[in-house]
Amino acid sequence: MSADTHTVTGQHLSWTVADTIVEVTLHRAPANEIGLETLAELEQLVAFINDGAGGARALIWTSSVKAGFCAGADLRALYHEWVAHEASGRSEAEAIGRVRSFLDRIHAVMNALDMAPLTTIAATHGVVFGGGFELALTADVIVADKSTRFAFPELRLGLIPGWGGIPRLSRDVGNAVVRDILLTGRSVGARRAHAVGLVSQLVGRGQALDCARQVAAQATRFDPRTSRVAKRFTKHLPLARLEEEKDIFCELVASPVVREALARFVNDDGPMPYLPAASAKA
Amino acid sequence: MATSQSDILPQLITLAAKRFEHDAAALKGGDDFFATLGIDSLQALDLLTDLEDHFDLEIPDWELQGVTTFDALAAVIGRRL
């Protein structure tokens, strides 16, 4: 093994380059919720990739947090920012402008990760929800351990996924699967995700990272230029749909339904905030 | 192997006890599994995955809303077998 190792340690994510593989670890407790700070670190990672990724030719995403890969957007931060904005007396248009600005930034990150000129592998376990699912969908290959559950719970909040999830999921699997996941908000287990082709390899609990390392090692055996060309040939950015998604999200986010759903989520001290609301509560 | 309705509860309790390191013999059908096992909704999803694998079925997670006892969870599974 080469002694050429490069490590960058952030508050919410870190990465290490060893040989020709960069391994990115999400490590923000409790469930790698993504807010402004994580976004800033993701932007640093993208800059690193754009700068050549230390010579790496494959990238692995993993999480060291027990709850799972990533539970998505930091809804508590979003809610508190919204409340603070309302209290400040500033306009709704300004608030939506801030949401749009955030979306532009996270879309730029997701698009860059999606089209990164190296083979990317997501090693997942536990919850892969909302924005976490959207992050996993930027990977070329998903390796899931049996504890993995994928979900787009956004409709429970009166929203659609806003970080490119639907255009990317539609690109990768059949539309009936997309509608099932999106319109019911249900979580889908790794077995099912494997059966529909979303997950490339299904492995036992705790085995996803080892398997992803094997996939990465295999992917780096080929001629680098050929691998890049092959990726470009088989993976395209659904740009028009991604822009449309941002518009829809900004249209929906101002609804009182969203405000109420976020408040319900944030103030829910019961055991089930990650499960769909029962009809009596909805 | 076919699973009868009466078999579900003991299998469910065994799985839950193993997953969350409890004594299966101390768990009863009427127990609130959130309280008894000391788990949250994310951990409940972990149990859901175990159940889906073990019983070879899929349970939409909205069917777990309002379900708090092992008996009620066994009934949810029974409707899917």
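Notes on the structure follow.

Calculation criteria
- Residues numbered from 1 in each chain as written.
- Chains lettered and ligands numbered in written order.
- Predicted model: local features only at pLDDT ≥ 70, side-chain atom pairs only at ≥ 80, totals over all residues.
- Heavy atoms only, no water.
- Helix = DSSP H or I, 4+ residues; strand = E, 2+ residues; numbered from the N terminus.
- Rg over C-alpha atoms; globule rule 2.2 N^0.38 Å.
- Buried < 20%, exposed > 50% of the residue type's maximum accessible area, 1.4 Å probe, protein only.
- Contact = heavy atoms within 4.5 Å.
- Lys, Arg positive; Asp, Glu negative; His and termini not counted.
- Charge placed at Lys NZ, Arg CZ, Asp CG, Glu CD.
- Core = buried A, V, L, I, M, F, W, Y, C linked by side-chain atoms within 4.5 Å.
- Pairing = 2+ DSSP bridges.
- Axes fitted to C-alpha atoms, helices over the stretch in contact; angles between N-to-C directions.
- 1 Å grid on protein atoms, 1.4 Å probe; cavity = no way out; pocket = protein on both sides within 12 Å on 5 of 7 lines; lining within 4 Å.
- Points joined across faces, edges and corners; volume = space filled by probe spheres on them.
- Nonpolar A, V, L, I, M, F, W, Y, C, P; charged D, E, K, R; others polar.

1. Re the overall build of chain B
Logical step 1: On a plain count of helices and strands, chain B comes out with 4 helices and 0 strands.
Logical step 2: Rg of the C-alpha trace for chain B: 11 Å, near the compact-globule value of 12 Å for 81 residues, within the 12% margin.
Logical step 3: Across the 81 residues in chain B, those meeting the buried criterion constitute 49%.
Logical step 4: Summarising the internal contacts of chain B: among those between residues at least 6 apart in sequence, 56% fall at separations of at least 24.
Logical step 5: Separation between the mean location of the 5 positive side-chain charges and that of the 15 negative ones in chain B comes to 3 Å.

2. With respect to the nonpolar core
Logical step 1: Counting residues in each nonpolar core, the largest one holds 68 residues, and the members touching the most others are A:V22, A:W61, A:F69, A:F133, A:F150, A:L169 and A:L198.
Logical step 2: Counting residues per element, this core draws most heavily on helix α3 (residues 92-114) of chain A, at 9 residues.
Logical step 3: Beyond its immediate sequence surroundings of up to four residues, A:L198 is in contact with A:F133, A:L137, A:I142, A:F150, A:L169, A:V173 and A:A193.
Logical step 4: Residues B:F20, B:F34, B:A44 and B:F55 belong to the second largest nonpolar core, which totals 33 residues.

3. Here we look at the sheet that holds strand β9 (residues 149-151) of chain A
Logical step 1: With respect to topology, 4 strands assemble into an open sheet ordered β5-β7-β9-β10 (chain A), the strand pairing being mixed. Two strands bound the open sheet, and with one partner strand each, they are β5 (68-70) and β10 (188-189) of chain A.
Logical step 2: Relative to β9(A), strand β7 (residues 127-129) of chain A runs parallel, the two sharing 3 bridges. Note that in β9(A) the partner of A:V128 across the bridge is A:F150.
Logical step 3: Most of the contacts of helix α3 (residues 41-55) of chain B go to β9(A), to which it runs at about 115°, and overall it touches β7, β9 and β10 of chain A.

4. Points about unusual backbone geometry
Logical step 1: Of the consecutive residues A:A29 and A:P30, the connecting peptide bond is found in the cis state with omega at 5°.
Logical step 2: At A:D19, a residue that is not glycine, the phi angle is positive and equals roughly 55°.
Logical step 3: Relative to the elements of secondary structure, A:D19 occurs in the loop between β2 (13-18) and β3 (21-26).
Logical step 4: Accessibility expressed as a relative area gives 34% for A:D19, which makes it partly exposed.
Logical step 5: Of note, the phi angle at B:E21 is positive, near 55°, even though the residue is not glycine.
Logical step 6: Position of B:E21 among the secondary structure elements: in the loop between α1 (5-19) and α2 (33-37).

5. Let's talk about the layout of surface pockets
A probe matching the size of a water molecule, rolled over the atoms, marks out where space remains unfilled.
Logical step 1: Reported here for the second largest pocket is a volume of approximately 540 Å³.
Logical step 2: Residue lining of the second largest pocket: 23 residues in total, with A:K66, A:A67, A:H125, A:R205 and B:D46 positioned closest to the centre.
Logical step 3: Of all the elements in the fold, those that place two or more residues in the lining of the second largest pocket are β4 (58-63) and α8 (208-219) of chain A together with α3 of chain B.
Logical step 4: By residue class, the composition of the lining of the second largest pocket is 8 nonpolar, 8 polar and 7 charged.

6. Things to note about empty space enclosed by the protein
Residue and element names in this part refer to chain A.
Logical step 1: On inspection of all chains with the given rule, the structure shows 3 cavities of 30 Å³ or more.
Logical step 2: Looking at the second largest cavity, its volume works out to about 40 Å³.
Logical step 3: Lining of the second largest cavity is provided by H12, L26, R28, N32, E33, I34, T38 and L135.
Logical step 4: Counted by class, the lining of the second largest cavity contains 3 nonpolar, 3 polar and 2 charged residues.

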